[in-house]
Amino acid sequence: MIDLRSDTVTTPSDGMRQAIAEAEVGDDVYGEDPTVNELQERAAALLGTEAALFTPSGTMANQICLHVLTDPGDEVILEQGAHVFNYETGAAGVLSGIQLHPVAGTEGRLTPDAVDAAVRPTADVMPRTGAVSVENTANRAGGVVYSVEEMQALADVARSHDLKVHLDGARLWNAAAALNVPEHALTAPFDLSWAALSKGLGAPVGSLVAGPDPLITEARRARKRFGGGMRQAGVLAAAGLYALEHHRPHLSDDHDKARRLAEGFDALPSFSVDLDRVQTNIVMVETHDRPAEEVAETLADEKVLVTPFGPHTLRAVTHRDVSGDDIDAALAAARSIYG
Ligand SMILES: *Cc1c(COP(=O)(O)O)cnc(C)c1O
């Protein structure tokens, strides 16, 4: 199988399994797991913050951040394609008593003007706008990247209204690689941000929330409240440390594979790809008159797995477990059926 459904399908490399086997561990609820502590320090250094917190998932990382940055009854502004809005089972309402205010961005990216227009005026009958949430890279928009300046501009408009700012950085490492900037340049404008270890970095589990000491202390309480306090989590943290050290430097290979895949699909008359939006490891393929579900099933028969992402849109994600040869094989399969 050539599995292009997501970068979450990556499995631990041999070196990572070795690191897991050798990890020193302790009880992390007591703060005594040396490998978790090392991972959190490494993350804080990379993300340019005082502290960081290891969480079991990206969804929990998002929900912890929102919980810490808002009060019940608040509203959070985000782009309508945001993961927080579409793929987290309504958790923000359930866990934090807040509501989400989705707005249309430009090509799937939030703009300062859209944020400015969505902020609620002070009025007895209205919710209070509490925070703005930004996703970099923007998954539903096709893995497109916000530049450092764009992130700063969004944070500036939020702060001009006294709002908190949250960064969903599930694929922050990809954004940094694509822009060729350090990750901390992208997290700097935010109160809390997080990045995933379990997507393109290939660790089995985990994300890292980063921010100033007082907010990470609160985040640690929220993690416990949500059931995410882990014990000998050093076996997982060891995978994360290994991923940061050995897998992170190669993320731009995934971007090269995505470009090759995108150009290959775009060259076929049955498909098109907006090549300007292929900036990282995600490729959105338009299937024109053919239903995306049907194309996905046909490709699956040829051992190529992609995700239907809309009635006529497929998503393919490149990652470290698909090679350049796999990309060529996937394109050859598509060409043999649709060429
Ligand atoms: C995958 C993803 C998440 C959630 O991460 P999980 O570890 O799957 O819970 C959040 N935001 C974005 C943009 C994602 O792509």
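A quick note: this is a predicted structure, and the numbers were derived from the prediction, not measured.

Draft legend 1. Region of the structure containing the site of the ligand. In the vicinity of the ligand there are 13 residues, among which Gly58, Thr59, Asp168, Arg171 and Lys199 approach most closely. A distance of 2.8 Å is found between an oxygen atom of the ligand and a backbone nitrogen or oxygen belonging to Gly58. In this structure, a nitrogen atom belonging to the ligand sits 2.7 Å away from a side-chain N or O atom of Asp168. Looking at the shell around the ligand element by element, the count peaks at three residues for helix H3 (residues 58-69).

Draft legend 2. Inspection of the packing of helix H12 (residues 251-266) against helix H14 (residues 324-338) at higher detail. Direction vectors running N to C along H12 and H14 enclose 15°, while the axes themselves pass 10 Å from each other. In this view, H12 runs roughly parallel relative to H14, as classed from their interaxial angle. For H12 against H14, the interelement crossing comes out right-handed. Every residue of H14 that contacts H12 at Lys257, Arg260, Leu261, Gly264 and Phe265 is listed here: Gly324, Ile327, Asp328, Leu331 and Ala334. Residues that form the contact of H12 with H14 fall into these classes: five nonpolar, two polar and three charged.

Draft legend 3. Geometry of empty space enclosed by the protein. If you walk through the whole model with that rule in mind, you get one cavity of 30 Å³ or more. Of the voids in this model, the largest cavity is the one considered here, and its volume is about 60 Å³. As for the largest cavity, its lining consists of His83, Glu135, Asn136, Thr137, Asn139, Asp168, Ala170, Arg171 and Lys199. Partitioned by chemical class, the residues of the lining of the largest cavity number one nonpolar, four polar and four charged.

Draft legend 4. Region of the structure containing the sheet that holds strand S9 (residues 282-286). Strands sit in the order S9-S12-S11 across an open sheet of three strands; the sheet is antiparallel. Since the sheet does not close on itself, it has two edges, and those belong to S9 and strand S11 (307-310), each with one partner. Neighbouring strand axes in the sheet, compared pairwise and without regard to direction, differ in orientation by 35° on average. When S11 meets strand S12 (residues 313-317), the two strands line up antiparallel, connected through three bridges. Bridge pairing in S12 places Pro308 opposite Leu314. Contacts between H12 and the sheet are confined to S9 and S12, with S9 contributing the most and set at about 10° to the helix. Packed on one face of the sheet, helix H13 (residues 292-301) meets S11 and S12 and runs near 40° to S12.

Draft legend 5. View of the sheet that holds strand S3 (residues 74-79). Spatial strand order, S2-S8-S7-S6-S5-S3-S4: seven strands in an open sheet with mixed pairing. At either end of the open sheet lies a strand with only one pairing partner, and these are strand S2 (51-55) and strand S4 (99-103). Strand-to-strand, the axes of this sheet are offset by a mean angle of 25°, without reference to chain direction. The sheet contact formed by S3 and strand S5 (residues 128-135) spans four bridges and is parallel. The residue of S5 that forms the bridge with Val76 is Ala131.

Draft legend 6. Here's a closer look at the environment of Leu331. Examined against the element boundaries, Leu331 turns out to sit in helix H14. Spatially, the C-alpha atoms of Leu331 and Ala300 are 13 Å apart, while their sequence positions differ by 31 residues. Sequence-distant contacts of Leu331, that is, excluding residues within four places in its chain, are made with Arg260, Leu261, Gly264 and Phe265.

Draft legend 7. Quick peek at the layout of surface pockets. Of the volumes computed, that of the largest pocket is approximately 210 Å³. Considering the residues around the largest pocket, the lining is formed by Arg140, Ala141, Gly142, Val273, Asp274, Arg277, Val278, Ile282, Met284, Glu286, Phe309 and Thr313. In terms of residues, the lining of the largest pocket owes the most to one element, S9, which gives three residues. Of the residues assigned to the lining of the largest pocket, the class counts are six nonpolar, two polar and four charged. Two domains each donate at least three residues to the lining of the largest pocket, and these are domain 1 (2-6 + 250-338) and domain 2 (14-248).

Thresholds, definitions, all that
Residues numbered from 1 in each chain as written. Predicted model: local features only at pLDDT ≥ 70, side-chain atom pairs only at ≥ 80, totals over all residues. Heavy atoms only, no water. Near = heavy atom within 4 Å. Polar contact = N/O pair within 3.5 Å; in protein donor to acceptor, adjacent residues only side chain to side chain. Helix = DSSP H or I, 4+ residues; strand = E, 2+ residues; numbered from the N terminus. Axes fitted to C-alpha atoms, helices over the stretch in contact; angles between N-to-C directions. Parallel < 35°, antiparallel > 145°, perpendicular 65-115°, else oblique. Left-handed = near helix turned anticlockwise from the far one by under 90°. Contact = heavy atoms within 4.5 Å. Nonpolar A, V, L, I, M, F, W, Y, C, P; charged D, E, K, R; others polar. 1 Å grid on protein atoms, 1.4 Å probe; cavity = no way out; pocket = protein on both sides within 12 Å on 5 of 7 lines; lining within 4 Å. Points joined across faces, edges and corners; volume = space filled by probe spheres on them. Pairing = 2+ DSSP bridges. Domains from an automatic or database assignment.

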